[in-house]
Structures are given as structure tokens and as C-alpha cells.
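# Residue-level structure breakdown
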Amino acid sequence: MAETALDGVKVLECCQMISGPYCGKLLADLGADVIKVEEPPAGDAARTRGPFPGDAPHPEKSGLFLYLNTNKLGITLNLGTASGRQVFQRLAEQADVLIEDRPPGEMAKIGLDYASLSAINPRLIVTSITPFGQTGPYRDYKSYHLNLYHASGHSSFFYVAPRDRQEGSLVVAGGEVGDYDGGLSAAVATLAALFARLATGQGQHIDISKFEALLSLERVVVARFANTPDPPPWPGMVGGLMPCKDGHVVVTAVQSHQWQALTELMGNPAWAQDEKCRDEPTRAQHRDELQPLLEEWSVQHDKDELYHKGQALGVPIGPVRTVAEIMHWPQARQRGFFAHLDHPQAGRLEYPTAAYRMSETPWRVERAAPLLGEHNEQVYCGRLGYSPEQLAGMAADGTI
Amino acid sequence: MTTGPLEGVRILDFTWAWAGPHATLLLSFLGAEVIKVESRRRLDHTRLRSLMSGPTMTGPNHSVIFHDLNVGKLSLTLNLSQPKAVEIARRVAQISDVVTENMRPGVMERLGLSYDDLKAVKPDIIMLSSSAVGATGPERAYAGYAPTFAAMSGLAHITGHADGPPMPLSGAVDLRVGTTSAFAILAALYYRARTGKGQYIDLSSTEAASALIGHTFMDYSMNSRVQTRMGNHDHMMAPHNSYRCLGEDKWVTIAVACQEEWDALRQVVGDSRLDDERFADASSRWQNQEALDHLIGEWTASRSQEEITQALQKVGVAAMPLLDGQSLVRDAQLRERGVLEPLQYPLIGERLTLSPPWRLSRTPAQIRRPGPLLGEHNQYVLGELLGMSSEEIERLVAEEVVY
């Protein structure tokens, strides 16, 4: 087996739903030893969210849970009991990283915050992921993806022209992408802390605000508003989203050679040679006039035809694709972006892997997502040295 | 200044536009020394113009977009069409830990700066190539930008109103790609620190966006179902929407995940029509969410964003105002946490700049300097790092190798 990038890094993940588990997954998929700690009896709330095969809810068959928890070990532990907290401390003693997503102050209340844990393991890195961070007036606010996405400005920043927006409310991005963003940002900071620890030998606490993680992805636009209180309205890009016979394409022919290539793709219509098409700012000024001409042309073609012909000429163009089209896309398949994983309950399914092909330490599958408490014996008996009788006792008294 | 976690790591950065520079921006926040290679012959186009730029740029050193994406970096101007410049780039690679680039696949090879070329001079180098759809496969030569990544990744198709067109989002998709690159580079750095081995990382921007909505692919795997746009609604939660409030174009989002939150919301709203059995449990609320949205919308319409947010948050219901650029700048949470900090730029003056998005207690991330002027650090890199004499550097400038 190939070596892994994070071989030997021991991670405890005490998180639910998307952000924290995605952070744990990113590390687990590159070889970290990640133990996912779930509260009995139900475990991670993602187990109750779909998609489910045949839409029949089943705690071991949630597509959300299965995707976000690959390559992890799963144990159950009740942090609401004194014995559970004691066991947790023993796990934290052996860990390099703890990822947790409790509301600010909750881990301190049960004596499992960074201050308490670093006293028993000074090398421990604790990554806390919350909607707004550990400080500030919103620290206790509850926020789901919908709330955070709209609060961080993302829904009001567009490439399309403002006047093309539909009347009514702005929309949240699909796929809870903003919650993944929080996990990805946390994973970057966690790896940086692990790297720093090679030199310092010391752990630290990382405070991740999902709000700020999202905000930082719009740093250019946020800074624009911060420094230009009343910026001129942006007229929009000529091109952008355009209708086709069978869907839509997106065209970003912004630089002059790209516009030339697009003109060629359109068969050099006379209007495209007009002074109004001279450069991007000029085209943007005449967007109302030019956009319908472009769309009149695009709607007569298929999206994949425009994609391949356009790219061959040097037009940055891409089709709007469904997941089905992506899963059958030769480019992604040939690169091995999808992998089959076997799961004892959910069966053999195809999963997206990762965007990076690392020559020495590739993304790899060790195991599918854990069943609830699947690795209790392996972790409690194998690593912490509890006897089978003690394990039975922990199960009986509600510790695990 | 305290030490960042990547203190001592040097990055030779050939990236331009948004995605690549965001990756090295994050690594610069973390303490890496990032040397950006640029040239007057082929300027990073964010130095010249960019979508949504607002104020007109007067020259390559005045672009606010460039500075926002390149704070903390150093600039070395090399005209890579000249063999001497390529040779200098190789010498800098020799004393670097990481090389990043996002040119079209094949360009670095033609320049003589491929992974194999650089590995020959620095055996443990880490190199990341970021491209539209990856450096391998039948479409490797294809180009793209944030909106095409959003379109081709599946993200655009599931974003938008149910009866409206798909939405390719914004430049944030590029920054997501950059964050993914930073993660992969950090993993490679950690591996190298422990084994002494470098490696090559081939990153597909389109795949990076797909990975961030991974579970929607699982629905297709399981059920051959293609999820589509549903506005602000959710697959399970209701109410789950953006509601109009008092004021011009003011909105608040409210999302309810469980019975406890529903009961709390009902108490605050105090409308007996919400006690109807159509809204009794999660599944009936979801079935009847249009009626539910209507009733909640009636309640929000006569109240301010702040009033609604505070009343609902007090009882544990997730409610937040929809904020736009102007309101974000005044936001109390961001102010308290110092998220926008003034930074002095040599030619454009003081500008509020977004701080790094993580708080590390022992080795904090921070902005070390403003974005570089074109070629600002030629003397440092060529003179101090490579040991060239002033005469040598002057000659390279005259020959337009350093250009």
C-alpha cells in the first residue's frame, strides 16, 4: 500500500452534520487515524438526513453521512456522564488533534475544553468549529447553512448582471456548500498547527468561525464595499450564463483573445465586429444590446457541442451539468474522481473522491463510513485496554 | 511579530488570476514566504482589470483586487520567454520548498519548468498544478474560470429558484479551489517534513467544487436521482426560507430543524393559525411549507431584521439577517472580532482588508505586508537570496530578463 500523507496522526472528531465531519474526512482520507465520537443512542444527526436508498430513512444508509465519514473509526461515548468524560480524557491523552463543534462554552462546562485537555496533553491541537466563533456578540447564535450563507453576503454577490436577477428573494447555494467551506477552512488551519508542532512540540487552540470562513471566500467583494461605501453598480458580464437547446452554458470570454475566439465560434457575425464589442468594459456598457444577440446564437446549439468546439478555439466555456452528467463525464472518470466503496448496510456505491492527485500520497479508501459504535471494541479494548467485561459494563451503564 | 506556523517555508508562485493566488495567500497568512513570479510581458490580469472591480485602475500597482488576493507576498519580475529568466526561476526553485502554478497544462513543460525539471534541481520539491479540469485526461487542455467551474461541478445546477435558471455563483468558487490547493500543499509539506520526500499534486478546479457538494452525488449513486434547484427550501427542514422584513429590500432567514425549535418559533410569532394540524410535525410542515412561509412572512413583514433575529435567537431559533456588502462592513460581530483591519498600501493608501479566517492561539496567522508592487522584491530575491551583484542584476534588467 502507498504511504499516506498523514500517517500516524491521531484525530478525535466530536462533530455532527457537515463542517466538522468534513474536516475529519479530509484528514482521514489522507491517512490520519480518525476516531469519530458519537453520542448514543442516535449518533451524528447526519444519520437522519438523506439521501437514503429508496428514500427509506435508515441510520446506516444516509448518503450525507456515508460521504462525510469515509476512512474513520466510529465509537459511541456519552459525554453527559462522568464516566464518559473520563474515557474521553483518556482518548484525548493519546490524540494529536481534537475537532469539536459544540456551542461555545459547552466543552468548558464539562471540563473538556482546550485549557483542561492541554493540561493533560500539551501537544494536543483543538479545532473548534462554530457558526460565529468563540467570541463576539453572536457567539451563542444558532445558525444553519441557510442563515450563514445569506448572512455572509454570498447570496448578494453575483457574476450575472443585477437586472437579470429574478424578482423576489435571493437564493442559498445548493448542496450546503458553505458548511463544507467551514470544514475545509478548519482542515487548513489544523494541518498548519500540526506542521508548526513539528518545530515547537506544542499544541494550540484553533477558533473557526464558519461565518468568517465563508466571508473570506468573498474577500475581494467585501473589501470593495468596505472601502468604497457606494460603489457604482456592476453592469454584468457579456456572456456568462447562456441558454442552449438542451440546457445552459457559461462563457467567460473576458480577455480580448478570448472574445476573438468566441466571435470565431459564432461564425464571425457582423455585430461582433462593432465598436461596441471593442473591449470588456465597452461590451459591458452595451450589455442590453449584445446579450440577446449572443443568446439568439447559443440557443440554437447543444451545450456539449459549444463546449468542445469553443474550447478547441480557446473560449473559456463550460456546460451547466447535472450530477448524472458529471458521473458519466469521461474526463472525471478517466482521472478516477469516483471510487466504489463497499458498506455492510448501504452496499456498494460510487463516491466522489478528491480534487487532488498526489503523486506520493494518493487519496485512498481504507474503509467506508463506520456503523454506529462499530469500533467500540477495537478502540476501548484494543487501545485503551478495557476488558470485554468492562466494555459490557460501559454499555450497560450508558457510558457508550 | 510572532511566528506563523509555516515560518521558514518558501513558495515559488507562478499562479495568477484568483484561485491560485488565493492558495498562496492563505499560506502567506500562515507565515510562508511567497515569491510571486510576474512579468510586464504577461501581467496577472487582476493587476489590469477584473470583473466587479469598481474603481478604475490607473496602473498595475494600483489594482485593489490584486492587493486583496496578494497581500503578504513578494514580487519577482521574470520574463520567462527568455532562457536566462527560466534559469533564474530554477535557481529560486532550488532554494524553495513549494512551487505553485495554474497555467494551462503543458505550459510549464514548454518553459522548462515542469515538475521533472524542478525535481532535477531540488529533489524534494513539492509542486502543485491547478487547472480547470486537471492535468490528465482527454480535456486537460481546456480552460476555465470560477463560473465554468461552478457550472461543470454540479453546483450551478442545484442553485437557484425551482422555476428559474441555474446560477453559476461568483468568484467565491475560485477561492474554494484555492483553499483546497492550500490543504493539499499543507498535507504534502507535513509528509515531506517527516519523510524527506516531495511530490507532484495535480488539482482539478472543477473537481474541487464537486467535492464540496459530495453528498448530492450520493443521491445519484443510490437512487439515480438528479437533485435540482429548490430556492431557499431544504429537503427536510421547514420553515426554511428568506422572509421579507420592514425596510427596503430587507430580508431575514429562518430555519427550523426540530420540534423544540418549532415550538419556540410558534411561541414568539404568537399566531394561532400556526397551531393548525397542517404544521403539527416536521413532515406535515414540510408538506405545507408554502402556507407556512406565507404566515411567517406576514409576521416578519412588519418587523425589522434586528428585532426578528434577536427575538428568535433568544429562544434558540436560527434566524439571521441577509447581509450585503454595505451591512457586512457595519456588522457588530465582525467589528468585535477585528475581521476587517486597516492596512497601509504604498500607492493606494489605507484600505480595510479582510483578516485571515482562523484564530490560532499559539502561532497566529496574520498579514505581514501589503500586496507587492511589480518587481518590488527583485533586489531581495536576486541579490540577497541568489547572491547576484548589482551589476549582474542591472544587466538582467537591461536585457529584459528581469522585466
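Residue positions within a chain follow its written sequence, with the count starting from 1. The order in which chains are written sets their letters, starting at A; the order in which ligands are written sets their numbers, starting at 1. Side-chain atom pairs in this predicted model are given and counted only at pLDDT of 80 or more, local residue features only at pLDDT of at least 70, and totals for whole chains, interfaces and linings cover all residues. Note that water and hydrogens are dropped before the side-chain values are worked out from all heavy atoms of the structure.

Turning to the packing of aromatic side chains, a few remarks are in order. A pair of aromatic rings is counted whenever rings of Phe, Tyr or Trp (Trp by its six-membered ring) have centres within 6.5 Å, and the orientation is called stacked for planes under 30 degrees apart, edge-to-face for over 60 and tilted otherwise. Inspection of every chain in the model, using the stated rule, returns 14 aromatic pairs over all chains. Judged by centre distance (5.7 Å) and plane angle (50°), the ring pair of A:Phe338 and B:Phe217 falls under tilted. Of the two residues, A:Phe338 sits in strand 10 (residues 338-343) while B:Phe217 sits in helix 9 (residues 214-223), which places them in two different chains. Between buried and exposed lies partly exposed: a residue is buried under 20% and exposed over 50% of the maximum accessible area for its type, with that area taken using a 1.4 Å probe on protein chains only. The class for A:Phe338 is buried, based on a relative accessible area of 10%. Going along the chain from the N terminus, every DSSP run of H or I of four or more residues is numbered as a helix, and every run of E of two or more is numbered as a strand.

Our focus in this paragraph is the interface of chain A and chain B. Facing 151 residues of chain A, the contacting portion of chain B comprises 148 residues. A combined buried area of about 13000 Å² lies between chain A and chain B, and 64% of that area is made up of carbon and sulfur atoms. Salt bridges are identified by distance alone: a Lys or Arg side-chain nitrogen within 4 Å of an Asp or Glu carboxyl oxygen. Applying the counting rule to chain A against chain B returns 11 salt bridges. B:Arg337 is the salt-bridge partner of A:Asp207, the closest N and O atoms lying 3.0 Å from each other. Pairs of N or O atoms are called polar contacts if they sit within 3.5 Å, as long as, within protein, a hydrogen donor faces a hydrogen acceptor (for residues adjacent in sequence, only side-chain-to-side-chain pairs). The tally of links from chain A across to chain B stands at 64 residue pairs in polar contact (both at pLDDT 80 or more). With 15 residues, the single largest contributor to the side of chain A that touches chain B is helix 7 (residues 177-200) of chain A. Ten residues, namely Ala, Val, Leu, Ile, Met, Phe, Trp, Tyr, Cys and Pro, are considered nonpolar, four, namely Asp, Glu, Lys and Arg, are considered charged, and the remaining ones, Gly among them, are considered polar. The residue inventory of the side of chain A that touches chain B, partitioned by class, reads 83 nonpolar, 47 polar and 21 charged. Whether two residues are in contact is decided by their heavy atoms: any pair within 4.5 Å suffices. Here the quantity called buried area is the total loss of accessible area, with a 1.4 Å probe, experienced by two parts when brought into contact, counted for both.

Turning our attention to unusual backbone geometry. In this structure, A:Pro41 follows A:Pro40 across a cis peptide bond, with omega equal to 5°. Position of A:Pro41 among the secondary structure elements: in the loop between strand 2 (33-38) and helix 2 (63-68). Of note, the amide linkage connecting B:Ala238 to B:Pro239 takes the cis form, showing an omega dihedral of 0°. Inspection of the secondary structure assignment puts B:Pro239 in the loop between helix 9 and strand 7 (240-244). With phi around 60°, A:Met17 is a residue other than glycine that occupies positive phi space.

Residues and elements named next belong to chain B. How far a helix is expected to stretch is found by multiplying one less than its residue total by 1.5 Å. With 12 residues, helix 3 (residues 83-94) should reach 16 Å at 1.5 Å per residue; the first-to-last C-alpha distance of 17 Å fits that figure. Listed in full, the buried residues belonging to helix 3 are Ala85, Val86, Ile88, Ala89, Val92 and Ala93. End-on view of helix 3: buried residues confined to an arc of 160°, all on one side of the axis. As used here, the arc belongs to the directions running from the helix axis to the C-beta atoms.

Turning our eyes to something else, we now look at the pairing of strand 3 (residues 74-77) of chain B. All names here are of chain B. Side chains Leu74 and Leu76 of strand 3 all project onto a buried face; the interleaved residues Ser75 and Thr77 project onto the opposite face, where all are buried too. Two strands are counted as paired when DSSP detects at least two bridges linking them. In this structure, strand 2 (residues 33-38) lies alongside strand 3, joined through 4 bridges in parallel fashion. Opposite isoleucine 35, over in strand 3, you have leucine 74 as the bridge partner.

It is worth spelling out the sheet that holds strand 7 (residues 240-244) of chain A at this point. Strand pairs in the sheet, formed through backbone hydrogen bonds, run parallel or antiparallel to each other. Spatially, 7-8-9 (chain A) is the arrangement adopted by the 3 strands of the open sheet, whose pairing is antiparallel. Every other strand in the sheet has two partners, leaving strand 7 and strand 9 (317-319) of chain A as the edge strands with one partner each. Pairwise comparison of adjacent strand axes, ignoring direction, gives a mean angle of 30° for this sheet. Bridge analysis of strand 7 of chain A against strand 8 (residues 247-251) of chain A gives 5 bridges, and the strand direction is antiparallel. By the bridge assignment, A:Met242 is partnered in strand 8 of chain A with A:Val249. Comment: axis = line fitted to C-alpha atoms, over the contacting stretch for helices; angle = value between 0 and 180 degrees taken between N-to-C directions. Strands in contact with helix 6 (residues 146-153) of chain B are strand 8 and strand 9 of chain A; relative to strand 9 of chain A, the strand with the most contacts, it is inclined by about 20°.

Coordinates in, geometry out; function isn't part of it.
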